[in-house]
Amino acid sequence: MSAPPPPEAVRLERVSKTYEGDQPVTALAEVDVRFLRGTMTAVMGPSGSGKSTLLHCAAGLDRPDSGRVVIGSTDLATLPEKRLTELRRDRIGFIFQAFNLVGALTVEQNILLPLRLSGRRPDTAWLAQVIGRVGLDHRLGHRPAELSGGQQQRVAIARALVTRPEVIFCDEPTGALDTQTAADVLALLRSVVDHFGQTVIMVTHDPVAASYANRVMVLADGRIVQDMPQPGVRRIAEELAMLDRRRRQQQPVPAREG
């Protein structure tokens, strides 16, 4: 008898989002997707495909125009702004490409900031484990300006882990890092899934980064066009190249003058 599938960490049901302007842009068009607990998903696609919008709606940073976003069993649409803020603080971790560290605070203070804001005491054993996992034991008294880009990203990851969030959202977490530091950060994200059973949803443009995931989802024009389980670097690159060729073929050919 097969084991039941793991429960859902995040679910999007027919989620749509349009940004108004001179020419309204549909960033998401009735997206249906489920992310299971204890898995890592890479979200890919060309610029403007809706990747970041999907991430922000799923994390409760932005509200969709229609559809439902459910984290665990909580429908985000039912929450007033204060409760939504508390949910993001207590149950979600977000790792930004720009790190978003507080320059006046030390490494340790930056890591503990979410707990401080919520008035919670740190679990000292868990804190020590997180700091050890990101390799910052000897940097706790330093400030962000004294760290390399890779070390700052590790601080951001530790800050996202310290509250034991159900889901960790990452927006291009390795975009500003060198190859070796990026590999270290990706291995760390992979380890929090494998060892701590957390869920990671990561937007990336890099097929190598995406290959660390259990699943790669490709967006185009606000819709999911591919959903691949552990496809490997070559297959990811081939799918993205094919998508790029298809988009080029669909673009109108400019009329010749004369």
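Calculation notes
Residues numbered from 1 in each chain as written. Predicted model: local features only at pLDDT ≥ 70, side-chain atom pairs only at ≥ 80, totals over all residues. Heavy atoms only, no water. Salt bridge = Lys/Arg side-chain N within 4 Å of Asp/Glu carboxyl O. Buried < 20%, exposed > 50% of the residue type's maximum accessible area, 1.4 Å probe, protein only. 1 Å grid on protein atoms, 1.4 Å probe; cavity = no way out; pocket = protein on both sides within 12 Å on 5 of 7 lines; lining within 4 Å. Points joined across faces, edges and corners; volume = space filled by probe spheres on them. Helix = DSSP H or I, 4+ residues; strand = E, 2+ residues; numbered from the N terminus. Nonpolar A, V, L, I, M, F, W, Y, C, P; charged D, E, K, R; others polar. Pairing = 2+ DSSP bridges. Contact = heavy atoms within 4.5 Å. Axes fitted to C-alpha atoms, helices over the stretch in contact; angles between N-to-C directions. Polar contact = N/O pair within 3.5 Å; in protein donor to acceptor, adjacent residues only side chain to side chain. UniProt positions renumbered as here; feature names shortened; annotations may be inferred.

What to know about the pattern of salt bridges
Two side chains bearing opposite charge may form a pair once their charged atoms approach each other closely. Applying the stated rule across the entire model yields 18 salt bridges. One salt bridge connects R11 with E8, and the closest N-O pair in it is separated by 2.8 Å. Overall, E8 belongs to the partly exposed group, its relative accessible area being 26%.

Describing the layout of surface pockets
When its volume is computed, the largest pocket comes out at roughly 430 Å³. Taken together, 17 residues form the lining of the largest pocket, with R88, R89, I92, F94 and P114 sitting closest to its centre. Counting only elements with at least two residues in the lining of the largest pocket, the list comes to α2 (81-91), β6 (92-95), α3 (107-118) and α5 (149-161). Class assignment for the residues of the lining of the largest pocket results in 10 nonpolar, four polar and three charged. Reported here for the second largest pocket is a volume of approximately 170 Å³. Sorting elements by how many residues they give to the lining of the second largest pocket places helix α6 (residues 179-196) first, with four residues. When grouped by side-chain class, the residues that make up the lining of the second largest pocket number six nonpolar, four polar and two charged.

Focus on unusual backbone geometry
Positive phi is not limited to glycine here, since N100 has a value of about 55 degrees. Topologically, N100 is positioned in the loop between β6 and α3. Residue N100 is classed as partly exposed on the basis of its relative accessible area of 43%.

Describing the sheet that holds strand β1 (residues 8-19)
Spatial strand order, β2-β1-β4-β5: four strands in an open sheet with antiparallel pairing. Strands with a single pairing partner mark the edges of an open sheet, and in this sheet they are β2 (25-36) and β5 (74-75). As judged from the eight bridges shared by β1 and β2, these two strands associate in the antiparallel manner. The residue bridging V15 from the neighbouring strand is V31, located in β2. Strands β1, β2 and β4 (66-71) of the sheet are contacted by helix α1 (residues 51-58), whose axis makes an angle of about 55 degrees with β2.

Looking at the environment of T78
Tracing the backbone shows T78 in the loop between β5 and α2. Separated by 2.7 Å, the side chain of T78 and the backbone oxygen of D75 make a polar contact.

Considerations on the UniProt feature "domain: ABC transporter" (unreviewed entry) in the protein
Mapped onto the present numbering, the UniProt feature "domain: ABC transporter" (unreviewed entry) falls at residues 10-246. Along residues 10-246, the helical share is 39% and the strand share 26%, with 31 Å between the first and last C-alpha atoms.

Comments concerning the side chain of T53
Considering the arrangement of structural elements, one finds T53 in helix α1. At 3.4 Å, the side chain of T53 and the side chain of Y19 are in polar contact. Discounting chain neighbours no more than four positions away, the residues touching T53 are K17, Y19, A27 and L28.

Some thoughts on the sheet that holds strand β3 (residues 40-44)
Pairing is mixed in the open sheet, where six strands are placed in the order β6-β7-β8-β3-β9-β10. Strand pairing shows two members of the sheet lacking a second neighbour, β6 and β10 (223-229), which therefore form its edges. Looking at each pair of strands side by side, their axes are set apart by 15 degrees on average, direction ignored. Here β3 runs beside strand β9 (residues 215-220); their pairing, made up of four bridges, is parallel. Note that in β9 the partner of M44 across the bridge is V218. Lying on the sheet, α2 is in contact with β6 and β7 (167-171); it crosses β6 at an angle near 75 degrees.

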